[in-house]
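One letter stands for each residue in the lines below.
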Amino acid sequence: MKNLPLLFLGIFSTLVFSWTGLVLSSHLNLGYLTPTTSDLEENGDPIAGETLYPIELGGIAKTGKDIYIDQGCVACHTQQIRPKGFGSDFERGWGNRQTVARDYVYQRRVLLGSMRIGPDLANVGSRLSTKDWHYNHLYNPRITSPGSIMPPFSHLFEIQQVGDEPSRNALNIPEGSPYAPPTGYEVVPTERADALVAYLLNLKVDYELPEMKFSEVE
Amino acid sequence: MYERKKAAFKMSTDTTISPGSSLKLEGRVQLSRIDASLKNAGLFFLISAMLWLMVGTFLSIVSSYKLHTPDFMVGSEWMTYGRARAASYSVMIYGWANNAVYCLALWMMARLSRGEVKHKGLLVVSGIFWNVGVSLGILGILSGRMTSVGWLDFPQQVAPILVISYLLMGIWGISSFVNRKTDEVFVTQWYFLAALFWFPWIYTVAQAMILFTPARGVVQSVTHVWFVHNLFGLWLTPMALGMAYYLFSKVLGKPLHSYYLSLIGFWTLALFSSWIGIKYLIAGPVPVWLQSSGTIASVMFLIPVVVIAINWFATINGNLGAVWKSPTLRFTLVGAICFLIVSVVGVLVSFRPVSEVVQFTHFMDAHQHQGVYGFFTMIVFGAIYFAMPRFTQREWPSASLIWVHFWAALFGILVYGVGMSLGGVLQGLQLNDASLPFLDVMHSTVPWLASRTIAEILLVIAHSAFFINFFWMLLVKPSEPQQSPTLFEE
């Protein structure tokens with residue numbers, strides 16, 4: 001192996017091989033997917049007038065995704081539902097169907113994740129749709145989920161003295177909870193907490209796609 | 001002049017266990033000239049690596065402790081688990097591993113090519129920029145600018161600094177090779193040359209396709225797993241393999257068992273390793289044929305593993321006593337064994353039924369740790385034990401500290417590996433049983449997570465001993481020069 005051009009050619013082409021086979025072929029295969037309706041016309045076009053899926057995030061939910069990213073939520077949570085029969089994603093009620101490539105076409109940052117220290121969140125907005133639950137859970141997860149090892153995100157909240165009357169958005173922490181604020185004080189979410197909760201409530205896989213229908217319950 | 005030659009000759013024999021090295025006097029003088037020519041740049045990178053190692057060790061133990069004690073340090077947004085965790089592995093890769101590689105690979109490459117290194121000033125300046133880039137990246141993660149793309153967590157603005165400073169450093173290794181003054185080419189040189197090309201390529205492709213002009217949807221995810229596996233498989237792995245080949249052969253003063261095996265090992269690794277990453281998307285939202293191709297590549301990867309292992313162990317066969325006595329080789333041997341373990345485990349987890357249990361669990365964390373720490377870092381430790389006496393012309397001041405470093409690191413690897421692997425399998429089995437509530441499953445992982453903190457404590461001890469020994473050697477001039485290399489006691 002003294003021939004430098006040959007050595008370099010080899011080094012170059014081995015990586016080209018995997019880049020072409022994995023990355024480029026996926027790009028050609030999946031890089032041009034567009035939103036579509038749950039069912040298709042006979043000629044394969046979306047049905048006019050019906051909703052196109054997936055739906056793009058809007059409003060403060062978009063900001064909420066940035067919070068999700070900068071807090072590093074992806075360290076413990078996936079956003080992908082595996083097929084029924086692989087693991088227990090379906091049985092645990094994490095989603096009615098597996099997620100497919102088209103579900104992610106609007107995401108500028110795809111957060112599939114690789115650890116399930118916490119549960120999957122691809123469909124958390126349908127599973128847990130109560131706002132209060134999410135606020136309490138983020139402020140301290142052990143209010144809603146005793147024994148959870150998720151860290152508190154109390155830095156997204158403020159503790160303040162109760163004014164003439166309690167703030168409308170103050171958290172509803174059960175009395176006697178060790179995480180409740182001292183008497184005369186209340187916990188209110190910051191804009192960041194509002195955005196994050198809006199994002200979580202927007203995470204939904206509650207629609208069918210032509211290539212993936214809901215799995216049957218046996 | 002004669003005095004200098006004599007000194008150089010003495011130094012080389014002192015640090016070689018087998019005095020019957022094949023090098024002639026002239027060759028030894030040339031080597032010590034190369035050592036001297038890279039002394040300042042090499043030490044700059046090693047000192048940077050050591051400081052990052054300590055920062056990374058601190059961040060690792062904090063994030064490990066936080067995971068089973070979630071109310072620890074509440075209110076400190078900078079150290080919230082997701083950020084501390086990302087910062088800890090980013091420090092270990094871009095701070096510790098890369099700086100160590102810049103020193104050791106460029107130095108070994110220069111030695112093997114018999115070329116003194118010129119314009120070292122520029123090398124150090126690029127190194128400073130690299131470290132400024134890494135520091136900004138870590139501050140970016142901790143202050144809320146992270147990307148949440150694993151192993152690429154630095155804010156994207158940092159990437160150009162890293163790429164440009166890398167190119168100015170990588171070119172040194174390539175130019176030493178191109179201008180080599182030797183006829184033979186040693187296997188280590190292929191590995192280094194290839195890795196020096198591969199790293200900037202995978203890094204810029206990943207930055208471009210995920211962060212700067214994001215590809216649509218899961219194409220990002222495919223690019224990501226391709227990058228993550230290649231950062232290990234085409235950057236850290238070839239660097240560590242190259243170092244191990246060099247150290248086994250050099251310290252024992254023995255030629256490699258087989259030239260042809262090393263040739264086969266190199267090219268099959270290059271071919272199959274880069275395709276393995278896709279196995280992390282088994283059952284994910286990508287076409288099934290892609291997922292299966294990852295399984296095939298993983299199985300094929302057994303070829304280079306077996307070939308490399310035969311070559312290594314045939315080379316050291318009959319010299320195990322010397323291997324065990326030399327700090328350099330004892331660390332390298334553990335790294336080599338971890339390479340075998342991590343490769344075989346890598347094949348197992350690429351099968352769907354196994355993946356169904358261990359995917360997304362702590363088992364994968366243990367698997368990653370065996371690779372990046374047990375394999376790569378242990379070999380780098382060995383290489384640093386070899387390099388420092390040649391840069392400083394001093395011997396390691398304390399054999400006991402090397403002993404502490406070795407055993408604490410080895411037990412750290414074992415406790416981490418056994419605890420998290422076992423805990424991960426149990427976690428996976430429980431997760432797959434939908435009748436067990438998720439919170440119960442989570443709760444039952446806590447003792448295993450605590451065992452990881454114990455492992456991290458062992459690693460703190462190991463790294464502290466190493467750190468003390470390193471700076472002691474560097475800063476304190478011995479009253480009288482030590483006559484023989486520092487070895488483990490019989």
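Residues numbered from 1 in each chain as written. Chains lettered and ligands numbered in written order. Predicted model: local features only at pLDDT ≥ 70, side-chain atom pairs only at ≥ 80, totals over all residues. Heavy atoms only, no water.

Student: Break down helix α13 (residues 327–348) of chain B for me, with residues and values.
Tutor: In an α-helix, one full turn covers 3.6 residues, which means residues spaced three or four apart are oriented alike. A rise of 1.5 Å per residue sets the reference length of α13 of chain B, with its 22 residues, at 32 Å; its end C-alpha atoms lie 32 Å apart and thus fit the reference within 8%. When you tally the buried positions in α13 of chain B, you get 17 out of 22 residues, the bulk of the element. (Helix = DSSP H or I, 4+ residues; strand = E, 2+ residues; numbered from the N terminus. Expected span 1.5 Å × (residues − 1). Buried < 20%, exposed > 50% of the residue type's maximum accessible area, 1.4 Å probe, protein only.)

Student: So what's going on with the interface of chain A and chain B? Which residues, and what values?
Tutor: In this assembly, 78 residues from chain A lie in contact with 86 residues from chain B. Carbon and sulfur atoms supply 68% of the area buried between chain A and chain B, which totals about 6,700 Å² over both sides. On inspection of chain A and its partner chain B, the count reaches three salt bridges. Put simply, Arg-192 of chain A and Glu-77 of chain B hold a salt bridge, and the shortest N to O gap is 2.9 Å. Our enumeration of links across chain A and chain B arrives at 20 residue pairs in polar contact (both at pLDDT 80 or more). Elements supplying a minimum of two residues to the side of chain A that touches chain B: α1 (4–30) and α2 (60–70) of chain A. Tallying contributions element by element places α1 of chain A first for the side of chain A that touches chain B, with 20 residues. Split into classes, the residues belonging to the side of chain A that touches chain B amount to 40 nonpolar, 28 polar and ten charged. (Contact = heavy atoms within 4.5 Å. Buried area = accessible area lost by both parts, 1.4 Å probe. Salt bridge = Lys/Arg side-chain N within 4 Å of Asp/Glu carboxyl O. Polar contact = N/O pair within 3.5 Å; in protein donor to acceptor, adjacent residues only side chain to side chain. Nonpolar A, V, L, I, M, F, W, Y, C, P; charged D, E, K, R; others polar.)

Student: Would you mind going over the nonpolar core in detail, with residue names and values included?
Tutor: Formed by 167 residues in total, the largest nonpolar core has its most connected members in Tyr-94, Trp-96, Phe-227, Trp-235, Met-239, Met-243 and Ile-384 of chain B. Those residues within four positions of Met-239 of chain B in sequence are excluded, and the remaining contacts are Val-101, Ala-105, Phe-192, Ala-195, Leu-196 and Phe-376 of chain B. Formed by 26 residues, the second largest nonpolar core is a distinct cluster that contains Leu-121, Val-124, Val-187 and Tyr-199 of chain A. (Core = buried A, V, L, I, M, F, W, Y, C linked by side-chain atoms within 4.5 Å.)

Student: Please provide a residue-by-residue account of the packing of helix α10 (residues 288–300) of chain B against helix α11 (residues 302–316) of chain B, values included.
Tutor: Residues and elements named next belong to chain B. Running from N to C, α10 and α11 cross one another at 15 degrees; their axes reach a closest spacing of 4 Å. Considering the angle they form, α10 stands roughly parallel to α11. Facing α10, whose interface residues are Ser-298, Val-299 and Met-300, α11 presents Leu-302, Ile-303 and Pro-304. For the contact of α10 with α11, a count of residues per class yields five nonpolar, one polar and no charged. (Axes fitted to C-alpha atoms, helices over the stretch in contact; angles between N-to-C directions. Parallel < 35°, antiparallel > 145°, perpendicular 65-115°, else oblique.)

Student: Quick one: what's the story with the side chain of Ser-249 of chain B, residue by residue and with numbers?
Tutor: For Ser-249 of chain B, the position within the fold is in helix α8 (residues 219–252). Those residues in contact with Ser-249 of chain B that lie beyond four places of it in its chain are Phe-186, Lys-254, Pro-255 and Leu-256 of chain B.

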